[in-house]
Amino acid sequence: MLVTQCADGLDADHLPFELDPAAGPLGTLTAHVARNNPLWQRCATGSPVMVIFRGAEAYISPSWYPSKHESHRQVPTWNYELVHAYGRPRAIHDADWLTRHVTDLSAQHEADRAEPWAVSDAPADFVASLVKGIVGFEIEITRLEGKVKASQNRPEADRAGVVA
């Protein structure tokens, strides 16, 4: 989820990102949107953005804690893991870069299929016309922040109860 600051306040867009770990000290994220999506114009200014990657998350019932049966002073909670990546986006209009980006993104998401689809399966002139309708952007990561709340504040028996 890409979080941007707009004239009307914060906005969040859900996009597939690719990570190039070799581009920059912390890596660079790439994505694309439709040319008629105003997101790329907001991002073109280079203002700071945050990308949120969510991992596992779950409701935790106090009934899972053995200690609940001793004191009855437990409440539900929420466990989660996530990473926040910060940086400044740069809009990209270069057709070669965009074609490479959608080719890589498709290959990544098709890799597990028995017969993966590839951009090269479509006619080149068709792909070229579609590439004209998108804008790419990259965000060199300037800071990473990981957060994990996994009942680590609970006694071992309560953590085992959550796992069970």
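Above: the structure in question.
Let us look at the structure shown here. (Residues numbered from 1 in each chain as written. Predicted model: local features only at pLDDT ≥ 70, side-chain atom pairs only at ≥ 80, totals over all residues. Heavy atoms only, no water.)

1. Comments concerning the packing of aromatic side chains
Under the counting rule described, the total for this entry stands at two aromatic pairs. Consider the rings of phenylalanine 17 and phenylalanine 53, whose centres lie 6.2 Å apart with planes at 70°: the pair is edge-to-face. Taken together, the residues phenylalanine 17 in the loop between β2 (9-13) and β3 (18-20) and phenylalanine 53 in strand β5 (residues 49-60) connect sequence positions 36 residues apart. What makes phenylalanine 17 buried here is its relative accessible area of 11%. A relative accessible area of 35% means that phenylalanine 53 is categorised as partly exposed. When the centroid spacing of 6.3 Å and the interplanar angle of 75° are considered together, the rings of phenylalanine 17 and phenylalanine 137 count as edge-to-face. Here phenylalanine 17 is found in the loop between β2 and β3, whereas its partner phenylalanine 137 is found in strand β7 (residues 134-149), with 120 residues between them in sequence. Taken together, the aromatic side chains of Phe17, Phe53 and Phe137 make up a single cluster linked through ring pairs. The ring of tryptophan 40 is capped by arginine 35, whose NZ or CZ atom sits 6.0 Å from the centre of that ring. The positively charged end of arginine 154 is found above the aromatic ring belonging to tyrosine 65, 4.2 Å away from the centroid. (Phe/Tyr/Trp six-rings, centres within 6.5 Å; stacked < 30°, edge-to-face > 60°. Helix = DSSP H or I, 4+ residues; strand = E, 2+ residues; numbered from the N terminus. Buried < 20%, exposed > 50% of the residue type's maximum accessible area, 1.4 Å probe, protein only. Lys NZ or Arg CZ within 6 Å of the ring centre and 35° of its normal.)

2. Considering the pattern of salt bridges
Within this structure, the stated rule accounts for seven salt bridges. The partner of arginine 143 in a salt bridge is glutamate 145, with the nearest N and O atoms 3.4 Å apart. Residue class for arginine 143 comes out partly exposed when judged on its relative accessible area of 42%. Linking glutamate 145 and lysine 147 is a salt bridge whose minimum nitrogen-to-oxygen distance equals 3.5 Å. (Salt bridge = Lys/Arg side-chain N within 4 Å of Asp/Glu carboxyl O.)

3. Focus on helix α3 (residues 95-110)
For α3, spanning 16 residues, the distance from its first C-alpha to its last is 22 Å, which sits close to the expected 22 Å at 1.5 Å a residue. Taken as a whole, α3 has its buried residues at Trp97, Leu98, His101, Val102, Leu105, Ser106 and Glu110. Those residues of α3 that are buried are in contact with β3, β4 (28-34), β6 (77-92), α4 (124-131) and β7. The opening residue of α3, the one whose side-chain oxygen lies 3.3 Å from the backbone nitrogen of aspartate 96, is aspartate 94. (Expected span 1.5 Å × (residues − 1). Contact = heavy atoms within 4.5 Å. Polar contact = N/O pair within 3.5 Å; in protein donor to acceptor, adjacent residues only side chain to side chain.)

4. Here's the deal with the nonpolar core
Among the nonpolar cores identified, the biggest contains 15 residues, and Leu2, Leu15, Phe17, Leu29, Val51, Phe137 and Ile139 are the most heavily contacted of them. Of all elements in the fold, only β4, α1 (39-43), β5 and β7 reach the threshold of two or more residues within this core. Filtering out sequence-adjacent residues up to four positions away, leucine 29 remains in contact with Phe17, Glu18, Leu19, Val51, Phe53, Ala85, Phe137, Glu138, Ile139 and Ile141. Counting nine residues, the second-largest nonpolar core is a separate cluster that includes Val102, Ala122, Val127 and Ile134. (Core = buried A, V, L, I, M, F, W, Y, C linked by side-chain atoms within 4.5 Å.)

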